[in-house]
Every structure is written in C-alpha cells, then in structure tokens.
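Survey of secondary and tertiary structure
What follows is each chain in one-letter form.
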Amino acid sequence: MLFGAMPGARAAEPGLAGRVIVIDPGHGGPDGGARGVGGILEKDITLPVSLELAQLLRQAGAIVYLTRTTDTDLATPEDRAAGRRHKGDLRERLRFTRSKDPDAFISIHCNAVPSPRWSGAQTIYMAGREPSKHLAEVIQDAFRSTLLPTERGADDMSTLFLLKRLDCPAVIAEVGFISNPVEAEHLAKPTYQRQVAFAIYCALLRYFGEPQPVRGALQRPSLSEVHV
Ligand SMILES: [Zn+2]
C-alpha cells in the first residue's frame, strides 16, 4: 500500500500518488530493436530508462507496472513456433497493459534512420486522442528543456498498434536517435539515461497536476553530468 492507495484505486487528488502507470520498455530478448552507432541496440537503452523512470514514479507513490524488467520479449513459445513472434509480443504488451487499467501508458523507444544527421527526442501519440496528445506535448516540453537539443514536436500517428488499441492516455517516447553519433553516445550512458527518465517523470508530475518534484525524495541528475 502506498500513501493509502490500494492498487487499482484511482487517485482523487492531483499528483502521482495512487496513479497506475504502465511503462513499456521497447523490444527485448531476440528483438534488439534498432541498431545504432557502434552497434548499440535500442533494447539496451529502453530498459534502463524504464527501470529508472519506474523507481522515480514509485518514490512519488505511483503504482507502476513494467511490461518487462529483464532482457526478454513477451512472445509465447507458440508465437515463436508459428513465426509470429513480433505480433505475439505486441499482443502480450497490449493484454498486460489493459489488465492494469492504467491512468497512463508510456512506451520507451529510440529512433534510428540511415542518415546520421537526424537527432532529438520526440513523443508520438494517436491522432484524435486529446488526453494522449496533451501528455505527449507535456513530455515533449520536458525533453526540450532538459535533454540534448531537439527541434521536434509531439507528432501524431494513426498506425501504431499499441497506441491505437489503448483507451488511456498513451504515448510513445522516442528518446533520441541512436543513428546520430552524439546522441547515441549520450543514450548509452547511465547519467543521460537517468536524465531522460527524470524528464519523463517531471512531465508526468506536471500532467497529473503536481507542479514540483517532491523535495528530498529525489536526486536530480545534475546537468553538468551530461556533456552536451
Ligand atoms: Zn523501437
């Protein structure tokens, strides 16, 4: 029990206490996700960022579930045998998330494109879903003010499997381009991974109506730790 909130109960007060939040570290196991500069894999960035974010949110009293906490995917042996590992993995992430009936869903990913020149963290939401759009914009603001420079805005898409099928505010956070040498180098470092997690945490605090982080409960990674 956290701050008097039972799992599944809805927080009546503004703030994170009692909020149910599902964090989805993209890819995992046989699915490395995108491969970036120096062979860095997307799955190896999404997990530590997600674990850090979960810890911050729990310290603030949120009820947090992760779709994975280790280097694995969610496909079943049957999915693999039938050659539908990717589809099965997404289906299980969806089933898990729906079963928690969350107040927010955050899926963590990295971008990668053939050209090394693109960079910047970016959020994506499902077109036409206002709460998701608002959450995406709040997270994008936090990215803009605390991470490596990004010219990007929250973007809408209508084809993404999970965002399309979830009713709660749902956002994909593409936390940077691992195809960009500078961003890849940062994203591989635990200090910058914590910075990314903290940006999303601050955005969720703001989204759920609490203006400032709880004093003393957190150690904000210092900007000087990040070599911009
Ligand atoms: Zn991805």
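Cut-off values and rules
Residues numbered from 1 in each chain as written. Predicted model: local features only at pLDDT ≥ 70, side-chain atom pairs only at ≥ 80, totals over all residues. Heavy atoms only, no water. Helix = DSSP H or I, 4+ residues; strand = E, 2+ residues; numbered from the N terminus. Buried < 20%, exposed > 50% of the residue type's maximum accessible area, 1.4 Å probe, protein only. 1 Å grid on protein atoms, 1.4 Å probe; cavity = no way out; pocket = protein on both sides within 12 Å on 5 of 7 lines; lining within 4 Å. Points joined across faces, edges and corners; volume = space filled by probe spheres on them. Nonpolar A, V, L, I, M, F, W, Y, C, P; charged D, E, K, R; others polar. Pairing = 2+ DSSP bridges. Axes fitted to C-alpha atoms, helices over the stretch in contact; angles between N-to-C directions. Contact = heavy atoms within 4.5 Å. pLDDT = per-residue confidence, 0-100. Parallel < 35°, antiparallel > 145°, perpendicular 65-115°, else oblique. Left-handed = near helix turned anticlockwise from the far one by under 90°. Phe/Tyr/Trp six-rings, centres within 6.5 Å; stacked < 30°, edge-to-face > 60°.

1. Overview of unusual backbone geometry
One non-glycine residue, H27, lies in positive phi territory at about 65°. Among the structural elements, H27 can be located in the loop between β1 (20-25) and α1 (43-59). We note that D101 has phi near 45°; this positive angle belongs to a residue other than glycine. Judged by its relative accessible area of 52%, D101 is exposed.

2. Quick notes on the layout of surface pockets
By volume, the largest pocket amounts to about 280 Å³. Lining the largest pocket we find 17 residues, and of these H86, L90, H109, L162 and I172 sit closest to its centre. Elements supplying a minimum of two residues to the lining of the largest pocket: α3 (85-100), β3 (104-111), α5 (161-165) and β6 (170-177). Top contributing element to the lining of the largest pocket by residue count: α3, with four residues. Residues that form the lining of the largest pocket fall into these classes: seven nonpolar, five polar and five charged.

3. Quick notes on the sheet that holds strand β4 (residues 122-126)
In space, the six strands of this open sheet follow the order β2-β1-β3-β6-β4-β5, with mixed pairing throughout. Unpaired on one side and paired on the other, β2 (63-66) and β5 (155-157) mark the two borders of the sheet. Across the sheet, the mean angle separating the axes of adjacent strands is 25° when strand polarity is ignored. Sheet topology note: the β1/β3 ladder contains five bridges and is parallel. In the sheet register, I23 faces β3, and the bridge partner there is I106. Packing against the sheet, α1 makes contact with β1, β2 and β3, and its axis sits at approximately 165° to β1. Strand contacts of helix α4 (residues 130-146): β3, β4 and β6, with the helix running at about 180° to β4, the strand carrying the most contacts.

4. Points about the confidence of the model for the chain
Summing up the model confidence of the chain, the mean pLDDT is 88 and the portion of residues at 70 or higher is 86%. Confidence drops under a pLDDT of 50 for residues 1-8, and excluding neighbours within four residues, the segment shows 13 contacts in the predicted structure. The model gives residues 211-228 a pLDDT under 50, and that stretch makes 29 contacts with residues more than four places away or in other chains.

5. Considerations on the packing of α4 against helix α7 (residues 190-207)
Look at α4 against α7: their axes get within 8 Å of each other, and the N-to-C directions meet at 135°. As summarised for this structure, α4 and α7 are arranged oblique, according to the angle between their axes. The hand of the α4/α7 crossing is right-handed. Of the residues in α7, those touching α4 at P131, H134, L135, V138, I139, D141, A142, F143 and T146 are Q195, V196, A199, I200, A203, L204, R206 and Y207.

6. A closer look at the packing of aromatic side chains
What characterises a pair of aromatic rings is the spacing of the ring centres plus the angle enclosed by the ring planes. As enumerated under the stated definition, the model contains two aromatic pairs in all. Here F198 and Y201 contribute two aromatic rings whose centre-to-centre distance is 5.9 Å and whose plane-to-plane angle is 40°, an arrangement assigned as tilted. With a gap of three residues between them, F198 and Y201 both fall in helix α7, about one helical turn apart. Y201 shares its class with F198; the two are buried. Taking the centre distance of 5.1 Å and the plane angle of 85° together, the rings of Y207 and F208 count as edge-to-face.

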